[in-house]
Amino acid sequence: QVQLVESGGGLVQPEGSLSLSCAASGSAGSGFFIYTMGWYRQAPGNQRELVATITRGASTNYADSVKGRFTISRDNAKNTVFLQMTSLKPEDTAVYYCNADVLTSNSRRDCWGQGTQVTVSS
């Protein structure tokens, strides 16, 4: 079983910056391979939406609302994905979830982290 653990959320003022990270780990003795990783977010009353994704080969895709402000990156050796957020706006306030397309010996499935709160407010 693969687990994703996010870190780095918090409270930041408008126009501020914040970085998120998400590390994948497996049960002892289990191997896994991660394809695409990404970040999604969900604000109160809204559906979960795509923020950014990155393939294993570092091809990226961003929601129009974050282009030019957010940067996604990953470290394949450490099974970790990062999200650097700059010029944050109040509308960026949401719970941010890490996602990974994971292949194990038994199956290939989407895995999700527990979420980390990002609040942009003065």
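About the cut-offs
- In this convention, every chain numbers its residues from 1, walking through the sequence in written order.
- Restriction of local features to residues with pLDDT of at least 70 applies here, the model being predicted, together with a cutoff of 80 or more for giving and counting side-chain atom pairs; totals for whole chains, interfaces and linings are based on all residues.
- Side-chain figures throughout are based on the complete set of non-hydrogen atoms in the structure, without hydrogens or water.
- Salt bridges are defined as contacts in which a side-chain nitrogen from Lys or Arg sits within 4 Å of a carboxyl oxygen from Asp or Glu.
- Accessible area is worked out with a 1.4 Å probe on protein chains only. A residue is then buried under 20% of its type maximum, exposed over 50%, and partly exposed in between.
- Secondary structure elements follow DSSP: runs of H or I of four or more residues count as helices, runs of E of two or more count as strands, with numbering from the N terminus.
- Strand pairing is assigned whenever DSSP detects at least two bridges linking the two strands.
- Note on aromatic pairs: the rings of Phe, Tyr and Trp (six-membered ring only in Trp) are paired at centre separations within 6.5 Å, and the planes decide the class, stacked below 30 degrees, edge-to-face beyond 60, tilted for the rest.
- Two conditions define a charge sitting above a ring: the NZ of Lys or the CZ of Arg must be within 6 Å of the ring centre, and it must be within 35 degrees of the ring normal.

What should I look at first to understand the pattern of salt bridges in this one?
Close approach of charged atoms lets side chains of opposite charge pair. The final tally for this structure, using the stated rule, is five salt bridges. Its salt-bridge partner being E49, residue R41 comes within 2.7 Å of it at the nearest N-O pair. Among the residues examined, E49 registers a relative accessible area of 37% and is labelled partly exposed. Between D92 and R41 there is a salt bridge, with the nearest N and O atoms lying 3.0 Å from each other. With a gap of 51 residues between them, D92 in the loop between strand 8 (80–85) and strand 9 (94–104) and R41 in strand 4 (residues 32–42) connect regions that are remote in the sequence. Per residue, the accessibility class of D92 equals that of R41, and both read buried.

Explain the pairing of strand 10 (residues 108–112) here, please?
Moving residue by residue along a regular strand, the side chains alternate between the two faces of the sheet. As paired elements, strand 9 and strand 10 share five bridges and run antiparallel to each other. Bridging across to strand 10, V102 finds its partner in R109. Between the end of strand 9 and the start of strand 10, which pair antiparallel, lie three residues.

Would you take a moment to explain the packing of aromatic side chains for this structure?
Pairs of aromatic rings are described using the distance from one ring centre to the other and the angle between the two planes. All told, the structure shown has two aromatic pairs when counted by the stated rule. Aromatic pair F33 and Y35: ring centres 5.0 Å apart, planes at 70°, arrangement edge-to-face. Taking relative accessible area as the criterion, Y35 reaches 26% and is therefore assigned partly exposed. Each ring, one from Y40 and one from W112, has its centre 5.1 Å from the other, and the planes form 65°; the classification is edge-to-face. In this pair, Y40 is assigned in strand 4 and W112 in strand 10, connecting sequence segments 72 residues apart. Judged by its relative accessible area of 36%, W112 is partly exposed. In this structure, R48 is placed above the aromatic ring of Y97, and the distance from its NZ or CZ to the ring centre is 3.7 Å. Between R48 and the ring centre of W112, over which it is positioned, the NZ or CZ distance is 4.7 Å.

Would you mind showing me how to read unusual backbone geometry here?
Glycine aside, negative phi is the norm for most residues, and most peptide bonds take the trans geometry. Unlike most non-glycine residues, A58 shows phi in positive territory, near 80°. Looking at the secondary structure, you find A58 in the loop between strand 5 (49–54) and strand 6 (60–62). Using a relative accessible area of 48% as the deciding quantity, one classes A58 as partly exposed. At S87, a residue that is not glycine, the phi angle is positive and equals roughly 45°. You can see S87 is positioned in the loop between strand 8 and strand 9. Residue S87 is classed as partly exposed on the basis of its relative accessible area, which comes to 28%.

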